[in-house]
Amino acid sequence: MFNFKRKMKAENLDKIPKHIGIIMDGNGRWAKKRFQPRVMGHKAGMDALQDVTIQASELGVKVLTVYAFSTENWSRPEDEVAFIMNLPVEFFDKYVPKLHENNVRILTMGDNSRLPEATLEALKKAVEKTKHNSGLILNFALNYGGRAELVRAISLISQDVLDAKINPDDITEDLVSDYLLTNQLPYLYRDPDLVIRTSGELRLSNFLPWQTAYSELYFTDVLWPDFNKSGLRSAISEYNNRHRRFGGV
Ligand code: FPP
């Protein structure tokens, strides 16, 4: 007898990426499919984020950097921007307690100067409350843009050269990494091993351009609010089937 059943590929979680970056895309389309306002997609996206963070933490991931708002997102309708800016406030009340129980530490990176006071306050509270946690770091890229991050680093390095704190000869890849916003992460985990983008878009959209030089990229058609624990495990399983060579053979 022939067995026509397709063999399911076994899940392979042998190697756990230490740092995963996620571009949480597709919230608007998720809501539209349900005839709901776009912002409902962002709300549902926070549930997905909590589930995925806890699963990542259970699997031994050390850092999860999530693209929550890019410097380009200000061009969205004013009410949607206002809603997204209020998400950290809601996030603090509803989600931080459970993440805190799971020993998750919250960090943020991006240009804070344009964030509303209440948003900043909520972020500060979440960072402060979880600062002694030793588990997974959930790093929010909020009002983050990769090119702006590089411009900032170049400007700071130039200033330090002018002030004779460093010589142009001292400028190495390691030094540049020290001037990036990811410098607050543990040294070994600054660069993502794996980047996941949901919703079928095949680009990085100014997300960590320096840090993703050698990252494995995983794209899925699943819309972010539908992404869940098993989606994360599939991405990690696929990562295990890749052979990272870092330019070698
Ligand atoms: C992209 O989907 C998603 C965003 C711009 C916002 C993502 C934010 C969250 C999931 C919540 C983050 C939580 C905190 C605390 C900040 P989209 O709107 O571009 O979807 P579309 O491409 O379908 O329109």
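This text follows the structure it describes.
Just so it is clear, the structure is predicted and the values come from calculations on it, not from any experiment.

Here is what the cut-offs are and how they apply
- Residues numbered from 1 in each chain as written.
- Predicted model: local features only at pLDDT ≥ 70, side-chain atom pairs only at ≥ 80, totals over all residues.
- Heavy atoms only, no water.
- Near = heavy atom within 4 Å.
- Polar contact = N/O pair within 3.5 Å; in protein donor to acceptor, adjacent residues only side chain to side chain.
- Areas by Shrake-Rupley, 256 points an atom, 1.4 Å probe, with all protein chains shown as cover.
- Core = buried A, V, L, I, M, F, W, Y, C linked by side-chain atoms within 4.5 Å.
- Buried < 20%, exposed > 50% of the residue type's maximum accessible area, 1.4 Å probe, protein only.
- Contact = heavy atoms within 4.5 Å.
- Pairing = 2+ DSSP bridges.
- Helix = DSSP H or I, 4+ residues; strand = E, 2+ residues; numbered from the N terminus.
- Axes fitted to C-alpha atoms, helices over the stretch in contact; angles between N-to-C directions.
- Patch = residues over 30% accessible without salt bridge, like charges linked within 9 Å, V, L, I, M, F, W, Y side chains within 5 Å.
- Salt bridge = Lys/Arg side-chain N within 4 Å of Asp/Glu carboxyl O.
- Parallel < 35°, antiparallel > 145°, perpendicular 65-115°, else oblique.
- Left-handed = near helix turned anticlockwise from the far one by under 90°.

Draft legend 1. Examining the site of the ligand more closely. For the ligand, the set of nearby residues contains 18 residues, the closest of which are Asp25, Gly28, Arg29, Arg38 and Arg76. Contacts to the ligand include Gly26, whose backbone N or O atom sits 3.4 Å from an oxygen atom. Backbone polar atom of Asn27 to an oxygen atom of the ligand: 3.1 Å apart, as the coordinates give it. With the chains in place, 92% of the 630 Å² that the ligand exposes on its own is no longer accessible.

Draft legend 2. Up close: the nonpolar core. In terms of nonpolar packing, the biggest core is built from 42 residues, with Ile20, Ile22, Phe91, Ile106, Leu138 and Ile196 touching the most fellow members. Once residues lying within four places of it in the same chain are set aside, the contact partners of Ile106 are Phe91, Val96, Leu99, Ala126, Val127, Thr130, Leu138 and Phe140. One finds Tyr67, Tyr144, Leu181 and Val195 within the second-largest nonpolar core, a separate group that totals nine residues.

Draft legend 3. Structural view of the sheet that holds strand β2 (residues 63-70). With parallel pairing, the six strands of this open sheet are ordered in space as β3-β4-β2-β1-β5-β6. Sheet topology places β3 (105-109) and β6 (216-219) at the edges, where each strand pairs with a single neighbour. On average, adjacent strands in this sheet sit at an angle of 20 degrees to one another, irrespective of strand direction. By the bridge criterion, five bridges tie strand β1 (residues 19-23) to β2 in an arrangement that is parallel. Paired with Ile23 across the strands is Tyr67, a residue of β2. Each of β1, β5 (194-197) and β6 touches helix α8 (residues 229-240); the most contacted strand, β5, lies at about 135 degrees to it.

Draft legend 4. Focus on a nonpolar patch on the surface. Among the surface-exposed residues, Leu202, Leu217 and Phe219 lie close enough to one another that they form a single nonpolar patch of about 270 Å² accessible area. For Leu202, a relative accessible area of 64% translates into the label exposed.

Draft legend 5. Examining the packing of helix α2 (residues 38-59) against helix α3 (residues 78-94) more closely. Packing of α2 against α3 leaves a shortest axis separation of 10 Å and a crossing angle of 30 degrees. Relative to α3, the element α2 lies roughly parallel. Remark: the crossing between α2 and α3 carries right-handed chirality. Between α2 and α3, the contacting residues are Arg38, Val39, His42, Lys43, Met46, Asp47 and Leu49 on the first element and Glu80, Phe83, Ile84, Leu87, Glu90, Phe91 and Lys94 on the second.

Draft legend 6. View of unusual backbone geometry. Of note, Asn143 is a non-glycine position whose phi angle comes to about 50 degrees, a positive value. Topologically, Asn143 is positioned in strand β4 (residues 137-144). The class of Asn143 is buried, set by a relative accessible area of 2%.

Draft legend 7. Spatial organisation of the pairing of β2. Burial of β2 is extensive: seven of the eight residues sit out of reach of the surface. By the bridge criterion, seven bridges tie β2 to β4 in an arrangement that is parallel. When the bridges of β4 are listed, Leu64 appears paired with Leu138.

By themselves these figures say nothing about function.
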